[in-house]
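In case you want the letters, here they are:
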Amino acid sequence: MKNLTIKQIIKATKGKLIQGNPEHICKNFSKDTRTIQKGDTYIAIKGENFNGNLFWKQALEKGADTVIVSEISEEEKELEKYADKNIIQVEDTLDALYEIAKQKRSLYQIPVIAITGSVGKTSTKDIVANVVSQKYKTLKTMGNNNNNIGLPFTILKLQEEEAMVLEMGMNHFGEISLLTNIAKPDICIITNIGTSHIGNLGSRENILKAKLEILEGTDNPTIIVNNDNDLLHKWQEENKNEKNIFTYGMQEKSNLNAKDIKLKGDSSEFTCTINNQNIKMTIPVGGEHFILNALCAVSVGKILGMEADKIVAGIENFQLTKKRMDITELENGIKIINDAYNASLESMQASLKYLSEFKSNRKIAVLGDMLELGEYTQKLHEQVGDAVKQNGVDILITSGKSAKYIGEEAKKLGMPSTKVYHYERKEEIIEKLKKIIKAKDVILFKASNGMKFFELAEEIQKSL
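Heads up: these notes are all about the structure in this document.

Scoring rules and cut-offs
Residues numbered from 1 in each chain as written. Predicted model: local features only at pLDDT ≥ 70, side-chain atom pairs only at ≥ 80, totals over all residues. Heavy atoms only, no water. Helix = DSSP H or I, 4+ residues; strand = E, 2+ residues; numbered from the N terminus. Buried < 20%, exposed > 50% of the residue type's maximum accessible area, 1.4 Å probe, protein only. Contact = heavy atoms within 4.5 Å. 1 Å grid on protein atoms, 1.4 Å probe; cavity = no way out; pocket = protein on both sides within 12 Å on 5 of 7 lines; lining within 4 Å. Points joined across faces, edges and corners; volume = space filled by probe spheres on them. Nonpolar A, V, L, I, M, F, W, Y, C, P; charged D, E, K, R; others polar. Core = buried A, V, L, I, M, F, W, Y, C linked by side-chain atoms within 4.5 Å. Salt bridge = Lys/Arg side-chain N within 4 Å of Asp/Glu carboxyl O. Pairing = 2+ DSSP bridges. Right-handed = clockwise from strand over helix to strand, strands pointing away. Axes fitted to C-alpha atoms, helices over the stretch in contact; angles between N-to-C directions. Phe/Tyr/Trp six-rings, centres within 6.5 Å; stacked < 30°, edge-to-face > 60°. Lys NZ or Arg CZ within 6 Å of the ring centre and 35° of its normal.

1. Side note on the side chain of T5
Then step 1. On the secondary structure map, T5 appears in strand β1 (residues 4-5).
Then step 2. Here T5 falls in the buried class, since its relative accessible area comes to 15%.
Then step 3. Once you skip the residues sitting within four places of it in the chain, T5 turns out to touch P22, E23, H24 and I25.

Rendered as structure tokens:
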């Protein structure tokens, strides 16, 4: 267990100790006074719409031992009420958070695996962490805490862990660069290059450049890439003689390939080579894209020198983060697929392909807007409409300003207009579903997180 002292924090942040003990040890860190625990160190994060500096007294009164603030008045400095507490003043608390996390990371000589990509980051993180945890006590990003605040706070949770698996998200250039220079990963994973945030970055080629920032954190990291992705395949071919690259795939010849693939509704099977042996394994989640996620996790296991049986155990008993391909089966055989945490063209296509695997069931897709697509908005939603038609969806329900293009394209390609519905209000969707759902139907809910379609999935599940 390696923790920071106030003296180390002050040195890292170039801060000033207003009052307190320089030798005090800071073990747990928090930015939220609602959940703060006794003995925590409160970092008063200031953003565009909130100012944590307003709550430092509340943090101390709730049990925090230490607060790190950027704003404190002369009058407040003189308060003797908190004489037994530690108060550190820094120029910028967000910058201080980064520096404290860097300092914490420097104390640990452990494998650090960082994951980015247009889609599949969280599910890949979950399965990679589950494999790694078969050999090491592992800390992983919880939920979707993959940004400039979530990642450093994850690192600050390090205690007795022997490995760390971190997810890195981004919307613009420079964001992954910031994260990787805090985390200093030994293994960098790029799952794919798609169209998420293309409205901000302008092209898939620019998205690739932004994702490749992950390599900036360490001089010579091992790089794992999905070789079936066109841009990643091209990149690794151009760089394979200069960088330490490990590839996986189902189609392109790679360092690790899946063979003998069998897709089922609620699981998948495949064979791959581990330690010169052909090993068969079962993924407890359906969908072809989860085979790629599993191959990525196997790749990490191989690079870390793990035994085959431990790698297989990590694949076969992992569980997904909620709202990502979260499947619930009701008593009458109805299946609810709640995959509504986020959406891009590629993840929409993957979810619809998975839906198509339920050959003997009626398939209903409830789809909403994909956000942050800019000038590509109409075109990419129309491509989802094409995927709806190609994957044999029986009934399509859309909602949202842009999602209407999905239905329009599906109808243009021959889907009967009597099977396509568009509603503005969620209540209308619930009402329609209650009228049309039959036993053994499979219903997919998919949209960007801002559309809150996960609420729809939960509501319909309760009402059936």
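The rest of the description comes next.
2. Thoughts on the layout of surface pockets
Over the atoms, a rolled probe matching the size of one water molecule traces out where space is still vacant.
Then step 1. There is about 410 Å³ of room inside the second largest pocket.
Then step 2. Along the walls of the second largest pocket sit 18 residues, with F29, S30, K31, F153 and K157 positioned nearest its centre.
Then step 3. Sorting elements by how many residues they give to the lining of the second largest pocket places helix α6 (residues 150-155) first, with three residues.
Then step 4. The class makeup of the residues in the lining of the second largest pocket is six nonpolar, seven polar and five charged.

3. Thoughts on the nonpolar core
Note on soluble globular proteins: their nonpolar side chains tend to be buried together.
Then step 1. Counting residues in each nonpolar core, the largest one holds 78 residues, and the members touching the most others are I43, I155, L352, L367, V384, V388 and L396.
Then step 2. Per-element tally for this core: the top contributor is helix α4 (residues 93-106), with six residues.
Then step 3. I113, I127, C296 and F318 belong to the second largest nonpolar core, which has 42 residues in total.

4. Notes on the environment of E316
Then step 1. Note on placement: E316 falls in helix α12 (residues 308-316).
Then step 2. Judged by its relative accessible area of 37%, E316 falls in the partly exposed class.
Then step 3. Once the C-alpha coordinates of E316 and Y98 are considered, the two residues, 218 residues apart in sequence, prove to be 36 Å apart.
Then step 4. Among residues more than four places away in sequence, those in contact with E316 are K280, M281, T282 and P284.

5. Here's the deal with the environment of K14
Then step 1. With respect to the helices, strands and loops of the structure, K14 is situated in the loop between α1 (6-13) and β2 (16-19).
Then step 2. K14 gets classed as exposed once you look at its relative accessible area, which sits at 74%.
Then step 3. When the C-alpha atoms of K14 and M306 are compared, they prove to be 41 Å apart, with 292 residues separating the residues in sequence.

6. Description of the pattern of salt bridges
Then step 1. This structure, assessed with the given rule, holds 20 salt bridges.
Then step 2. The shortest N-O distance in the salt bridge between E160 and K137 comes to 3.6 Å. Taken together, the positions of E160 in the loop between α6 and β10 (163-167) and K137 in the loop between α5 (121-132) and β9 (138-140) put the pair 23 residues apart, joining distant regions of the chain.
Then step 3. We classify E160 as partly exposed; its relative accessible area is 46%.
Then step 4. Beyond isolated ion pairs, a larger network of salt bridges with shared partners links K125, D126 and K140.

7. Re the pairing of strand β21 (residues 395-399)
Then step 1. Counting buried residues in β21 gives five out of five residues, a clear majority hidden from the surface.
Then step 2. Here β21 shows no split at all, with I395, I397 and S399 on one side and L396 and T398 on the other all buried.
Then step 3. Alignment of strand β20 (residues 363-368) against β21, held across five bridges, turns out to be parallel. By the bridge assignment for β21, L367 is matched with T398.
Then step 4. By the bridge criterion, three bridges tie β21 to strand β22 (residues 420-422) in an arrangement that is parallel. When the bridges of β22 are listed, L396 appears paired with V420.
Then step 5. In terms of handedness, the path from β21 via helix α15 (residues 404-412) over to β22 forms a crossover that is right-handed.

8. Some thoughts on the sheet that holds β22
Then step 1. Pairing within the open sheet is mixed, and its six strands lie in the order β18-β19-β23-β20-β21-β22. Looking at the sheet topology across the chains shown, the edges are occupied by β18 (326-329) and β22. Adjacent strand axes in the sheet meet at a mean angle of 15°, parallel and antiparallel pairs treated alike.

9. What to know about the packing of aromatic side chains
Then step 1. According to the stated counting rule, one finds three aromatic pairs in the structure shown.
Then step 2. Between the aromatic rings of Y354 and F358, the centroid separation amounts to 5.4 Å while the plane-to-plane angle is 80°, which identifies the pairing as edge-to-face. No difference in accessibility class separates Y354 from F358, as the two residues are buried.
Then step 3. Positioned above the aromatic ring of Y108 is the side chain of K2, whose terminal nitrogen or guanidinium carbon lies 5.5 Å from the ring centre.

10. As for the pairing of β20
Then step 1. Counting buried positions along β20 gives six out of six residues, so the element sits mostly inside the fold.
Then step 2. Taking every second residue as pointing to the same face, both faces of β20 are buried, with K363, A365 and L367 on one and I364, V366 and G368 on the other.
Then step 3. Here five bridges tie β20 to strand β23 (residues 442-446), and the two strands are oriented parallel to one another. Counted as the bridge partner of K363 is V442 from β23.
Then step 4. Note on the crossover from β20 through helix α14 (residues 377-390) to β21: the handedness is right-handed.

11. What about unusual backbone geometry?
Then step 1. In this structure, K184 is a non-glycine residue whose phi angle is positive, near 50°.
Then step 2. Tracing the chain through its elements places K184 in the loop between α7 (175-183) and β11 (187-190).
Then step 3. Non-glycine residue E372 carries a positive phi angle of around 60°.
Then step 4. Assignment of secondary structure puts E372 in the loop between β20 and α14.
Then step 5. By relative accessible area, E372 is classed as partly exposed at 37%.

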